[in-house]
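# What the coordinates show
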Amino acid sequence: MANFYLPDDANQQIYLDANATTPVLPEIADVVSHTMQVCFGNPSSSHITGIQAKHLLEQTRNKAREVIGATDGDILFTSGATEGIQTAVVSTLIAAKSHQIENPVLLYGATEHKAVPNTLKHWNSVLDINAQVIAIPVDKNGILDHEFIRKHAANALMICTMAVNNETGVFQDLSAIEQVIRSENTHVAWMVDCVQALGKTNLALSQTTIDYAPFSGHKLYAPKGIGVLYIRKGSAYTPFIAGGGQESGMRSGTENLPGIAGLNKLFSLLLDKQNQTFKPIEQLHAFREQLLAALTDTFGSITFNHSFEHSVPTTLNFAVNELTSKEVMDLFDAAGIRVSGGSACSSGANRSFVLDAMGASDWQSENAIRMSFGPAVNQQEIDFACDKIRSLKPILEANCLVVSDSTSPQHEVCAIGLTQLRHQAACCWLYVDSNKNAVVIDPIIELIPRMAKIVATQGLTVKAILDTHNHQERLSARCLLPKELAESYVANEIDELGWPKDSATIELSDARLTKVATPGHSDDSVSYLLSDTQSGDISYCFCGDLILPGGLGNTAISGGDAAKMAQSLKQLAMAVQDSTVICSGHDYQQCFAMDWHAQKATTLLLAKLLSEQVSDDEFVELKQQADEQKHTVSHSLCGYVETLESAPMKQLAASDAKVMLNDKATYLIDTREPYEHGANNLAEIFTVADSKVINIPLSRMANAIVQGQLEKDHSYILVCRSGNRSKQAANNLSQLGFENVYNLNGGLALL
């Protein structure tokens, strides 16, 4: 078997990301395979094999007409919807080059797939059309503003809308939109993205004045790389691909006959009313209600980001209140449930532009989860999905991720010691002693619900809520958090940063927290030093934005002072040890754990100051120059860091990792969060003893270093879901002097 084959885990995974792509149905795959091996002819060939291929092609074209209700016009086979969009836009804009409109516009829906506005902008520039590209606003339900269309339609060269949105499933009233458009402009080209509509809504394109309608096979159980473009009779057309003249000269290149055969079978299934592959709309609604109930039972507080009344039943877009989308997706993925955050085509984005256009809150936009299923799903699959979702509730309860009646939560995130909680690059620190006394440092507003939940479910007593300085880039959560913690917070008379007045220390079991004034980043900056009461060694230095992993805090802001920073750094250097872990207010480098030795090694200016290679005055001059220079090109208010260099990453294949684990000094570190770690058994997967598997999530890396959980003469293989988090952790450990560190290439996804 070829080495790119993956294990067949179809019985283990629950695929709920059908709006991104779908598996090819077995009966469609059979037809595709048959076409590759038997009916493989070139439709342009004149012999019998070519004639057979041509017959299959034309038969598929006729079936496409039936499915989308296109009695006339052209049906063009493409590589997919993106090519169809390009073809429609290029054809329209070339025909519009001689327009006489004084202020021409190109309109597209604000929630349109990015393929549409990006294509409009690209060809508008390349073809020198110089039209204004304008987004049509939507309301809170995602419905296009018809009056806005009416206002601009007369000056429009092209209007682009979509039948069904890929993120929310919201459908548009195409008849109403058509009436608005044609009442103002009978000639403007109108393209409707129908990718998500096929198999979910009824289409009768020839009964409309839609000029172009792209479709994509892989969104509905056909192979990738094949699509259809409907072109209304009489609409402008310019071949986007020239060459051998295939498709009657409209789209050159030998046709993708296996893909077309897949469409043929797909269309046959859609047209066969006796076939039960595709479920009726009523059953799809029932499936959505089942998933809704399972999600609500499991997570409790959920915000749905779209109105079910205005969306097709195969899509649920939601945010779990108080949990980030990353946490939810990581948990789902560990349990074999595949969902996405917003659009799969823009999964690298931090927020959903679709939800932004609908006026959703920042939390909804940044933490949206899209769960989608195809219309060929069956009852057994939905039941299995719901059971699997509900099976996550005990894991959520045990890890304090949902409110429960559990009296023994095992939440590793708030276990004894130090935990880093993050929102984007901002860091909040939670220290808990053995008696469940806690201190919160640099709390973040977005994490208040999470912090309150942790404190309540763990029965913590919060002795202090501290800021290291008044953060200029965000509102402080320090004054808000006590109200949420209620009786769990020990109220004292405090200063403006939360430190108890008239107290030199905050006493914890086996640890003591002291405050040191360390101005420089701001005039009110302080650092908190957590020392071991027996040895007196400083375990942690909470320095806010005075020091950042790979850099120093910004002094080119109000209250910043490079001279004071120099004195503060020298003062800290005298107090801490090389083993002291530096806990910053921001981590732009994804370091998670950085001790004082590594900090000096990676921050050149700091090292030069402390080794007296530069004087205080030279430090001030260099720091001010660097801050002023970077301040003009960077949006990082809190500080500027250099990219940290690390040794070349040692990547391991799974087979090599299993061999290495036979060595008694080699261990597997799971860098996922405990709720992910608990969803599957890595010891079983790698066939090793439980003692060979250590769960150290990135949020607990600093604690692991201080507690001596890792030994530098041991070898460690780091693993996570995709290989990304484990790579960050491996780089981090390398910076801390661990030489025998390896990353599992591709993570658990490629096992």
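About the thresholds
- Residues numbered from 1 in each chain as written.
- Predicted model: local features only at pLDDT ≥ 70, side-chain atom pairs only at ≥ 80, totals over all residues.
- Heavy atoms only, no water.
- Phe/Tyr/Trp six-rings, centres within 6.5 Å; stacked < 30°, edge-to-face > 60°.
- Helix = DSSP H or I, 4+ residues; strand = E, 2+ residues; numbered from the N terminus.
- Buried < 20%, exposed > 50% of the residue type's maximum accessible area, 1.4 Å probe, protein only.
- Lys NZ or Arg CZ within 6 Å of the ring centre and 35° of its normal.
- Core = buried A, V, L, I, M, F, W, Y, C linked by side-chain atoms within 4.5 Å.
- Contact = heavy atoms within 4.5 Å.
- Polar contact = N/O pair within 3.5 Å; in protein donor to acceptor, adjacent residues only side chain to side chain.
- Axes fitted to C-alpha atoms, helices over the stretch in contact; angles between N-to-C directions.
- Left-handed = near helix turned anticlockwise from the far one by under 90°.
- Disulfide = S-S within 2.5 Å.
- Pairing = 2+ DSSP bridges.

### Considering the packing of aromatic side chains
- For the coordinates displayed, the defined rule picks out 11 aromatic pairs.
- Ring geometry for Trp123 versus Phe240: centroids 6.0 Å apart, planes at 90°, classification edge-to-face. Remark: Phe240 occurs in the loop between β8 (227–231) and α7 (257–271) and Trp123 occurs in helix α4 (residues 115–126); sequence separation between them is 117 residues.
- Between Tyr540 and Phe542, the ring centres sit 6.1 Å apart and the planes meet at 35°, which makes this aromatic pair tilted. Here Tyr540 and Phe542 have matching classes, each one buried.
- An aromatic cluster of three or more residues is present, and its members are Trp429, Tyr431, Tyr540 and Phe542.
- Seen from the ring of Phe353, Lys114 lies directly overhead, with NZ or CZ sitting 4.2 Å from the centre.
- The side chain of Lys650 reaches across the aromatic face of Tyr742, ending 5.3 Å from its centre.

### Some thoughts on the nonpolar core
- Counting residues in each nonpolar core, the largest one holds 62 residues, and the members touching the most others are Ile68, Ile159, Phe215 and Leu266.
- What Leu266 contacts, discounting residues up to four positions off in sequence, is Ile28, Leu220, Ala222 and Phe278.
- Of all hydrophobic cores here, the second largest spans 44 residues; its members include Ile441, Leu508, Ile705 and Phe738.

### Section: the side chain of Gln172
- Along the chain, the position of Gln172 falls in the loop between β5 (156–162) and α6 (174–184).
- For Gln172, a relative accessible area of 9% translates into the label buried.
- Separated by 3.1 Å, the side chain of Gln172 and the backbone nitrogen of Leu144 make a polar contact.
- Not counting residues within four places of it along the chain, the set of residues in contact with Gln172 comprises Gly142, Ile143, Leu144, Met162, Ala163 and Ile177.

### A short note on the packing of helix α3 (residues 81–95) against α4
- Two elements in contact, α3 and α4, have axes whose closest approach is 10 Å; the angle formed by their N-to-C orientations is 40°. With respect to the hand of their crossing, α3 and α4 are arranged in right-handed fashion. Contact residues: α3 offers Thr82, Ile85, Gln86, Val89, Val90 and Leu93, while α4 offers Ala115, Val116, Thr119, Leu120, Trp123 and Asn124.

### Quick notes on the state of the cysteines
- Throughout the structure, instances matching the rule amount to zero disulfides.
- Note on Cys541: no disulfide assigned, nearest cysteine sulfur contributed by Cys543 at a separation of 4.9 Å.
- Between Cys720, a cysteine without a disulfide, and Cys591, which holds the nearest cysteine sulfur, the sulfur-to-sulfur distance is 17 Å.
- Cys720 gets classed as buried once you look at its relative accessible area, which sits at 1%.

### Focus on the environment of Ser125
- Within the secondary structure, Ser125 is located in helix α4.
- The exposure class of Ser125 is exposed, given its relative accessible area of 54%.

### Things to note about the sheet that holds strand β17 (residues 505–508)
- Here we have five strands laid out as an open sheet, ordered β17-β18-β19-β20-β23, and mixed in their pairing. The strands lining the two open edges of the sheet, one partner per strand, are β17 and β23 (581–584). Mean inter-strand twist for the sheet, computed between neighbouring axes without regard to direction, equals 20°.
- Here strand β19 (residues 526–532) runs beside strand β20 (residues 538–544); their pairing, made up of four bridges, is antiparallel. Considered in β20, the bridge of Ser531 is made with Ile538.

### Details of unusual backbone geometry
- You will see that Ala486, though not glycine, has its phi angle at about 55°, which is positive.
- Taking the relative accessible area as the measure of exposure, Ala486 reaches 47% and is therefore partly exposed.

### Some details on the pairing of β20
- A large share of β20 lies buried, amounting to seven of its seven residues.
- As consecutive antiparallel partners, β19 and β20 are separated by five residues, and within that stretch Gly536 has a phi angle of approximately 80°, a positive value.

### Some points on the sheet that holds strand β13 (residues 417–423)
- If you walk across this open sheet you meet the four strands as β13-β14-β15-β16, and the pairing is mixed. Edge positions in the sheet fall to β13 and β16 (461–466), since each of these pairs with one other strand and no more. On average, each strand axis in the sheet is tilted by 20° relative to the strand beside it, whichever way the strands run.
- In this sheet, strand β15 (residues 437–441) lies alongside strand β14 (residues 426–432) in antiparallel orientation, the contact comprising four bridges. Counterpart to Tyr431 in the pairing with β15 is Val439.

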